[in-house]
Amino acid sequence: MGKKRITYEYTHDGIKESILRHAKALRLPEGWGEQVAERVAKATDKWIDDKDIVTEDDLQNFICKELEEISPDIAFAYRNHDKII
Amino acid sequence: MSDLLSIATIILAGIIQASLQLGLGGLVLLYHSSMGRHQRRKTRYLAKSYIWGAVAISFAMACTGAFLIQNYIDKAYRQEWMVVCIGMLIACAFVMLLGYFRDGRGTELWLPKSFSRFVTRRAKATNDNVEAFSLGMLSAFAEFPITLAIYFVVANCLLNVQFPLLAALLYALIVAMPMVVLKLCIKSGKNIIAAQKWRINNKRFVKIFSGSGFVVLALFIVAFWVM
């Protein structure tokens, strides 16, 4: 039996909110977190625009690459939050 | 066996159990998810409840073990049980060294994926102190296959000391020590990513420390209990 595929609809706000959550967890100033989240969400919008479907891994890699340039700590949290236990 | 030796064994067992990573990993997860959603004060209370949950289950398991040994294992056979326990401790040492952490950059543990996803989901959804307390209990209890031998050793020692409840409490507090240290680090201004980076960078050290700890405990029992 094949593995069941789960699909999600991409939203700008969803990406922004998840980055913001990581920024808050790191106790970064809220305004700075907001700016980072908005910038990365916009870049992701542009990247995803010409694609019909992307995998979760591709999306995560792109977001992490963008975050890496602005805030390596948020990038680390974003990449590793599901690898803690 | 003297009181002093029993207490020393309990402390050693506590230190080894404290070096296991599920409880600490659960707390890191709880901090990470709670700090993104709640006020700092609420996160502090959740972390405190989580730690008390881990203390409570360690205390309860040690006391239950002592009760079971006293009532259901004949005194004449306790030495044989200790020999079985030594075998289990050596097996745990191998497990720690070879398979405790999954390969890869993170600190993923030996647990089935579905279980670690469940704990992660619970940590993300934890909103009140009771949930945090039970998550702490669950995290401490989930390592039972590895901690069984430790509980047996501690329970046996509790039967030989003058104040078993105090000794059990001491053991439970030692088990919770890494979580208390993490809490103090966060309180002093360090962020949770620094703690997780430390865990990743020192994964090998933790493995060797715990693995050799199990061997030392086994040798300790051979020297002072069996021979």
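Quick caveat, the model's predicted, so the values are computed rather than measured.

Student: Got a minute to help me understand the packing of helix H4 (residues 78-99) of chain B against helix H7 (residues 144-158) of chain B in this structure?
Tutor: Helix-helix packing is described using two parameters, namely the angle between the two axes and the distance between the axes. Residue and element names in this part refer to chain B. With their axes 9 Å apart at the nearest point, H4 and H7 run at an angle of 145 degrees to one another. The handedness of the crossing between H4 and H7 comes out as left-handed. Note on element contacts: H7 touches H4 through Ile146, Leu148, Ala149, Ile150, Phe152, Val153 and Asn156, opposite Arg78, Trp81, Met82, Cys85, Met88, Leu89, Cys92 and Val95. Of the residues assigned to the contact of H4 with H7, the class counts are 13 nonpolar, one polar and one charged.

Student: It is not clear to me how a nonpolar patch on the surface should be interpreted in this structure. Could you clarify?
Tutor: Judged by side-chain polarity, Ile90, Phe94, Leu97, Leu98, Ile208, Val215 and Leu219 of chain B come together as a nonpolar surface patch covering roughly 660 Å² of accessible area. Of all the secondary structure elements, the ones that give two or more residues to the nonpolar patch are H4 and helix H10 (203-226) of chain B.

Student: I tried to follow the interface of chain A and chain B on my own but got confused; where do I start?
Tutor: It is common to give the size of an interface as the accessible area lost on bringing the parts into contact. Across the boundary between the two partners, chain A contributes 14 residues, which contact 28 residues of chain B. Interface of chain A and chain B: buried area, both sides summed, is about 1,900 Å²; carbon and sulfur atoms make up 64% of it. The three residues of chain A that bury the most area against chain B are Arg27, Ile84 and Ile85 of chain A, which together make up 44% of that side's buried surface. Taken together, chain A and chain B are joined by one salt bridge. The salt bridge involving Asp73 of chain A is made with Lys197 of chain B; its shortest N-O contact spans 3.1 Å. If you look at where chain A meets chain B, you find five residue pairs in polar contact (both at pLDDT 80 or more). Going through the elements one at a time, helix H1 (12-25) and helix H4 (72-80) of chain A are the ones with two or more residues in the side of chain A that touches chain B. Among the elements that line the side of chain A that touches chain B, the one with the most residues is H1 of chain A, at four residues.

Student: Looking at this model, I keep getting lost on the nonpolar core. Mind explaining?
Tutor: When a protein is soluble and globular, its nonpolar side chains tend to lie buried together. Formed by 96 residues in total, the largest nonpolar core has its most connected members in Ile19 and Leu67 of chain A together with Leu27, Leu89, Leu182, Ile192 and Phe214 of chain B. Sorting elements by how many residues they give to this core places helix H3 (residues 40-72) of chain B first, with 11 residues. Residues in contact with Leu27 of chain B, not counting those within four places in the same chain, are Ala47, Tyr50, Ile51, Met179 and Leu182 of chain B.

Thresholds, definitions, all that
- Residues numbered from 1 in each chain as written.
- Chains lettered and ligands numbered in written order.
- Predicted model: local features only at pLDDT ≥ 70, side-chain atom pairs only at ≥ 80, totals over all residues.
- Heavy atoms only, no water.
- Axes fitted to C-alpha atoms, helices over the stretch in contact; angles between N-to-C directions.
- Helix = DSSP H or I, 4+ residues; strand = E, 2+ residues; numbered from the N terminus.
- Left-handed = near helix turned anticlockwise from the far one by under 90°.
- Contact = heavy atoms within 4.5 Å.
- Nonpolar A, V, L, I, M, F, W, Y, C, P; charged D, E, K, R; others polar.
- Patch = residues over 30% accessible without salt bridge, like charges linked within 9 Å, V, L, I, M, F, W, Y side chains within 5 Å.
- Areas by Shrake-Rupley, 256 points an atom, 1.4 Å probe, with all protein chains shown as cover.
- Salt bridge = Lys/Arg side-chain N within 4 Å of Asp/Glu carboxyl O.
- Buried area = accessible area lost by both parts, 1.4 Å probe.
- Polar contact = N/O pair within 3.5 Å; in protein donor to acceptor, adjacent residues only side chain to side chain.
- Core = buried A, V, L, I, M, F, W, Y, C linked by side-chain atoms within 4.5 Å.
- Buried < 20%, exposed > 50% of the residue type's maximum accessible area, 1.4 Å probe, protein only.

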